Amino acid sequence: MAEVTANGQSSQPQLMLQRIYVKDVSFEAPNAPQIFQEVSELNEAPQVQLNLSQRATGLGNDLYEVVLSLTLTCTVNERTAYLAEVHQAGLFGIAGFSEADHASVIGSYCPNLLFPYARQVISSLVQEGGFPPFLLQPINFEALYAEQQRRMAGGEAPTLNS
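Description of the structure in this document. (Residues numbered from 1 in each chain as written. Predicted model: local features only at pLDDT ≥ 70, side-chain atom pairs only at ≥ 80, totals over all residues. Heavy atoms only, no water.)

Here the focus is the packing of aromatic side chains. Counting across every chain of the model gives five aromatic pairs. An angle of 55° between the planes, with centres 6.4 Å apart, marks the rings of F27 and F131 as tilted. Residue F27 is found in strand β1 (residues 14-28), and its partner F131 is found in the loop between α2 (99-128) and α3 (141-153); the two are separated by 104 residues along the sequence. (Phe/Tyr/Trp six-rings, centres within 6.5 Å; stacked < 30°, edge-to-face > 60°. Helix = DSSP H or I, 4+ residues; strand = E, 2+ residues; numbered from the N terminus.)

Turning to the pattern of salt bridges, a few remarks are in order. All chains considered together, the criterion is met by four salt bridges. The salt bridge partner of K23 is E65, with a shortest N-O separation of 2.9 Å. Placement of the pair is K23 in strand β1 and E65 in strand β3 (residues 63-76), with a sequence separation of 42 residues. Classification of K23 by relative accessible area gives partly exposed; the value is 42%. Linking R151 and E147 is a salt bridge whose minimum nitrogen-to-oxygen distance equals 3.1 Å. Note that R151 and E147 are positioned in helix α3 at a spacing of four residues, about one turn of the helix. The exposure class assigned to E147 is partly exposed, which follows from its relative accessible area of 29%. Residues participating in the shared-partner salt-bridge network are E147, R150 and R151. (Salt bridge = Lys/Arg side-chain N within 4 Å of Asp/Glu carboxyl O. Buried < 20%, exposed > 50% of the residue type's maximum accessible area, 1.4 Å probe, protein only.)

Set out below in structure tokens:
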């Protein structure tokens, strides 16, 4: 049982997922239908680039919205086959953590929790767009967060793009 202080706050760290939702989603196939023929005639794999970012917004009362943004761009012979983008969001109640642990929860735990949902949306968008199925590989958000912290300590601008 968690201890409760005089002001009604728990002294134990608490993390509560309140909701997961798609905040924004987009799919474009700007060179369709011609690109389908190019994809089927291609002897090599299309080039795929993933851009990844996240942001967290404090909503008050220890409630945070964390948004994980994934943009997948597929090119064939330097022409865009498709562009799939999802902003997967979650509402998290986060309280009782030290400043460093709080930042770590927002920077690695929350995106790690949101990623499978975003990966499923991307996969569905690509397949429903008429292209072969695409499954994003798992991402180590703890390592990305550690690298971001290392860069900030070295005076470099923080980034979460891969």
